[in-house]
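Each chain is listed here by its residues.
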Amino acid sequence: MKRGAIDSFFKLSIPKKPKYETNTNTSSHPSYPHPIPYLPTDFQDQLAFAPAEEGKPINDRLDLDLVYYQPYIPPSIASGVFDFLRQELPFYRVQYNIKRGPVETQINTPRYTTVFGVDETSRFNESGDLVDSKSGKKVEKSKYKCTPRPLPQCLDYLRKLTEGTTNETYNFCLVNYYADGKDSISYHSDDERFLGPDPAIASFSLGAKRDFLMKHKPIPPGPEAVPEPKQVKLPLGSGDMVLMRGKTQGMWLHSIPKRAGDEVKKGRINITFRKALVKGGTENYYQYNVGTGGGFRWSAREKMMVPKKDKLILKLS
Ligand SMILES: O=C(O)CCC(=O)C(=O)O
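By the naming in an unreviewed UniProt entry, the chain goes by DNA repair family protein and is assigned to Karstenula rhodostoma CBS 690.94.

Written as structure tokens, this is what we have:
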């Protein structure tokens, strides 16, 4: 065998030793494609020191209200938490159609996504059943066009911590995985009505450094018009957290643009915590972050996301 071939054989077949000890407890639910291990206990212990740095307010521009934690997750565990979540969460590459006038176009979401949670009108009880928030009665299957999933312990742990830090409450966790510099999210704002007015969104970064760009929405001309504020660029590093609140979503757009270079090839995870008030929020989030196609799972051997094969049921007769 040639040297190059030998090297790539070993690269493929010997996955690196994980940076954490697997927790043997798992979160299971009929809506999960596989059980999801609890957050390793070492990470839980280290998170007692979060936020690693005090949050700095960024509110020097019109309608902008951010708190930037650089970082929030202690540097000692940020890379391990990244490896753990990439390895253990189910991901999707969602495709959907949009109609612009008579023309239907297929949109291929340029990143991997996943979502957990349910809006305020429902909750999961101790047994994992979806129940009405007020009455505690089981929710009819027909209430949602999707199958809501409870937050697994590993994300719920971070949610509770974030609630304490930010003095806000959250019932949804959306996760993006940007495999390389070609993965991105275009300019948008999270200002959907189902989040209510002035929503607070806590957004975590793990893995590769990526630029987070923000620009004010166009200000219509008129006697009261003021100049558009300068754009914002935050070079989000592993462990950083940005809390967006107040008028930010209503008045500003944000994006993670495509990037060249080697850094972005490490992959980046983004976790956002938000609160959806009504069932439309639940349906929207599952439609665009889980979709209707097959799932993906990180392969430590192949060092990439691989499509999950449907379980083959062998009938022995
Ligand atoms: O990846 C990020 O930091 C931004 C994610 C985002 O804007 C979103 O999920 O709405």
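Moving on from the model shown.
Student: Is there a simple way to explain the UniProt feature "binding site: 2-oxoglutarate" (unreviewed entry) in the chain in this structure?
Tutor: In the numbering adopted here, UniProt assigns the feature "binding site: 2-oxoglutarate" (unreviewed entry) to Asn-176, Tyr-178, His-188, His-254, Arg-268, Thr-272 and Arg-274. Along the polypeptide, Arg-268 turns up in strand S18 (residues 268-274). Apart from residues lying up to four places away in sequence, Arg-268 is in contact with Phe-82, Asn-176, Tyr-177, Tyr-178, Ser-205, Leu-206, Ala-208, Arg-210, Leu-236 and Ile-256. Relative to the elements of secondary structure, Thr-272 occurs in strand S18. Under the relative-accessibility criterion, Thr-272 is labelled buried at 5%. Here Thr-272 is in contact with Phe-172, Cys-173, Leu-174, Ile-201, Ala-202 and Ser-203, once residues within four sequence places are set aside.

Student: Is there a simple way to explain the sheet that holds strand S14 (residues 210-216) in this structure?
Tutor: As a general point, the strands of a sheet are linked pairwise by backbone hydrogen bonds and lie either parallel or antiparallel. The four strands lie next to each other as S12-S17-S14-S15, forming an open sheet whose pairing is antiparallel. Two strands in the sheet have a free side with no partner beyond their single neighbour: strand S12 (185-188) and strand S15 (232-236). Between one strand axis and the next, the sheet turns by 15° as a mean value, whatever way the strands run. Relative to strand S17 (residues 252-256), S12 runs antiparallel, the two sharing two bridges. Opposite His-188, over in S17, you have His-254 as the bridge partner.

Cut-offs applied
Residues numbered from 1 in each chain as written. Predicted model: local features only at pLDDT ≥ 70, side-chain atom pairs only at ≥ 80, totals over all residues. Heavy atoms only, no water. UniProt positions renumbered as here; feature names shortened; annotations may be inferred. Helix = DSSP H or I, 4+ residues; strand = E, 2+ residues; numbered from the N terminus. Contact = heavy atoms within 4.5 Å. Buried < 20%, exposed > 50% of the residue type's maximum accessible area, 1.4 Å probe, protein only. Pairing = 2+ DSSP bridges. Axes fitted to C-alpha atoms, helices over the stretch in contact; angles between N-to-C directions.

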